[in-house]
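If you want the building blocks of each chain, they are given just below.
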Amino acid sequence: MSDTVERIKCLIIGSGPAGYTAAIYAARADMKPVVYTGMEPGGQLTTTTEVDNFPGYPEGIDGPTMMVQLQQQAERFGTEVRIGMVTEVDFSDEEGGIHKIVVDGNKHIEAETVIISTGASAKYLGLESEQRLRGGGVSACAVCDGFFYKGQDVAIVGGGDTAAEEATYLSKICNKVTMLVRKDHMRASKAMQHRVTAASNIDLRYNTEIDEVLGEQVVEGLRMVNNQTGAKEEIEITGLFIAIGHKPNTDIFKGQLDMDDTGYVLTEGKTTKTNKPGVFASGDVQDKDYRQAVTAAGTGCMAALDAERYLSEVESAVEA
């Protein structure tokens, strides 16, 4: 264990669009932010080949390049970006209190404000072929990547509201959507189920799972299996969308921050404030509805502004 304790005015945990946007605003406010990247520097966008829906890129941009540019922009204003994983936190309950953080199990930090931007990870099925073809036709976001499959045949896996919503979205731009539901019923709300069944080009398959994603470099087809009869069937598709949920990366904060029953951090009203003074949450870690790069960036901006105002209030209280 290191005996040296570093004092930081603004610590940002996570390096996706939310974290880097927070860093840009915090750095410009002279808060001298330090960003710890976590295990996946750049976040989920580093696994996305093309980003066509982020404002300011008329020709589109690949995810890794976009994240490098966001990092460079944050560093331009004085942000210090460090490779490292936050392994322990002890948040203060007091207004103006100091938050204690441990990085990589041995580096101790005291932070006046903390912005949590650790994101959420999409759940996958775990098939070797699925993982191999991520970025080559396998996606966890129809709204992000569906456009690339306009007029083509695709498949989607899942039976909840998100799967139903994404299947409906895909049905409007794709030729055919095969929807695989593991059980004999959908978990989605009745309204969302009606949207799926009303779409003439959605082929709804109950009791059906993926046996194998077909293709070497890109998705070329799908081998499905009926989990009741064992019967297998192959179809030709160019895109596969996994919509079985996301897991917010909040395990380390459990017991300290208020969360909903699925682990998303709860924030106050329209702010990014958590239940701990001086601790703020931005991006997918507190957003289970939109999960877009642009909305994550927006809340990153909000978190930095909230943190700046918090420090000003603390400073004014001390002076008084």
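Before any of the text, the structure's been laid out above.
Per-chain numbering applies: the sequence of each chain, read as written, is numbered from 1 onward. Local features in this predicted model are restricted to residues of pLDDT 70 or higher, and side-chain atom pairs are both shown and tallied only at a pLDDT of 80 or more, whereas totals for entire chains, interfaces and linings draw on every residue. To get the side-chain values, all heavy atoms of the structure are used, and hydrogens and water are removed first.

Novice: How should the overall build of the protein chain be read in this particular structure?
Specialist: Elements are defined by DSSP. Helices are runs of H or I of four residues or more, strands are runs of E of two residues or more, and each kind is numbered from the N terminus. Each helix and strand in the protein chain was counted, giving 7 helices and 17 strands. Within these notes, the globule rule equals 2.2 Å times the number of residues to the 0.38 power, and the radius of gyration is based on C-alpha atoms. In terms of C-alpha radius of gyration, the protein chain reaches 22 Å, essentially the compact-globule figure of 20 Å for 320 residues. C-alpha atoms of the protein chain, sized along the principal axes, occupy 70 × 40 × 35 Å. Burial status follows relative accessibility: with a 1.4 Å probe on protein chains alone, a residue under 20% of its type maximum counts as buried, one over 50% as exposed, and anything between as partly exposed. Within the protein chain, buried positions represent 49% of all 320 residues. Put simply, of all contacts in the protein chain between residues at least 6 apart along the chain, 59% involve residues at least 24 apart. The protein chains shown are the only cover counted for residues, whose accessible areas, like all others here, come from Shrake-Rupley with a 1.4 Å probe. Element-wise, carbon and sulfur atoms account for 47% of the exposed surface of the protein chain, whose accessible area totals about 15,600 Å². In summary, the charge assignment counts Lys and Arg as positive and Asp and Glu as negative, without counting His or the chain termini. Positions of charges follow a simple convention, taking NZ of Lys, CZ of Arg, CG of Asp or CD of Glu. Counting 30 positive and 48 negative side-chain charges, the protein chain places the averaged centre of each group 3 Å from the other. Two residues form a contact once any of their heavy atoms are found within 4.5 Å.

Novice: Explanation requested: the environment of Phe241 in the structure shown.
Specialist: Along the chain, the position of Phe241 falls in strand E15 (residues 239-242). The spatial distance from the C-alpha of Phe241 to the C-alpha of Ala155 is 6.3 Å, given a sequence separation of 86 residues. If we ignore the near neighbours within four places in the chain, the residues touching Phe241 are Ser139, Cys141, Ala142, Asp145, Gly146, Tyr149, Val154, Ala155, Ile156, Val157 and Leu170.

Novice: How should the nonpolar core be read in this particular structure?
Specialist: One broad trend across soluble globular proteins is that nonpolar side chains are buried collectively. Put simply, buried Ala, Val, Leu, Ile, Met, Phe, Trp, Tyr and Cys residues joined by side-chain atoms within 4.5 Å make one nonpolar core. Ile12, Tyr20, Met66 and Ile115 are the most contacted members of the largest nonpolar core, which totals 27 residues. Among the elements of the structure, strand E1 (5-13), helix H1 (17-28), helix H2 (63-76) and helix H7 (293-319) are those that each provide at least two residues to this core. Broken down by element, the residue count for this core peaks at 7 residues, all from H7. Grouped together as the second largest cluster of nonpolar side chains are 21 residues, Ile13, Tyr36, Leu257 and Val279 included.

Novice: Explain a positive patch on the surface to me, please; I cannot follow it from the model alone.
Specialist: Two joining distances apply to patches: 9 Å for like charges and 5 Å for nonpolar side chains (Val, Leu, Ile, Met, Phe, Trp, Tyr), and every residue must have over 30% relative accessible area and no salt bridge. Take a side-chain nitrogen of Lys or Arg and a carboxyl oxygen of Asp or Glu: if they are within 4 Å of each other, that pair is a salt bridge. A grouping of Lys123, Arg182, Lys183 and Arg187 is seen on the molecular surface, where their side chains present a positively charged patch. Within the element layout of this structure, Lys183 appears in the loop between strand E10 (176-180) and helix H6 (190-198). Since its relative accessible area comes to 39%, Lys183 is described here as partly exposed.

Novice: Where do I start with the environment of Asp52 in this structure?
Specialist: Inspection of the secondary structure assignment puts Asp52 in the loop between strand E2 (34-36) and H2. A C-alpha to C-alpha distance of 8.8 Å links Asp52 and Phe147, two positions 95 residues apart in sequence. In this view, Asp52 contacts Glu59, Gly60, Phe147 and Phe148; residues no more than four positions away in its chain are not counted.

Novice: Sorry if this is basic, but what is going on with the packing of aromatic side chains here?
Specialist: Any pair of aromatic rings gets described here by the distance separating the centres and the angle formed by the planes. Classification of ring pairs uses Phe, Tyr and Trp, with its six-membered ring standing for Trp, and accepts pairs whose centres are within 6.5 Å; under 30 degrees between planes counts as stacked, over 60 as edge-to-face, and the remaining range as tilted. Under the definition given, this model contains 5 aromatic pairs. Between the aromatic rings of Phe147 and Phe148, the centroid separation amounts to 6.2 Å while the plane-to-plane angle is 75 degrees, which identifies the pairing as edge-to-face. Aromatic pair Phe280 and Tyr310: ring centres 6.1 Å apart, planes at 70 degrees, arrangement edge-to-face. Of the two residues, Phe280 is situated in strand E17 (residues 279-281) and Tyr310 in helix H7; the sequence distance between them amounts to 30 residues. The class for Tyr310 is buried, based on a relative accessible area of 6%.

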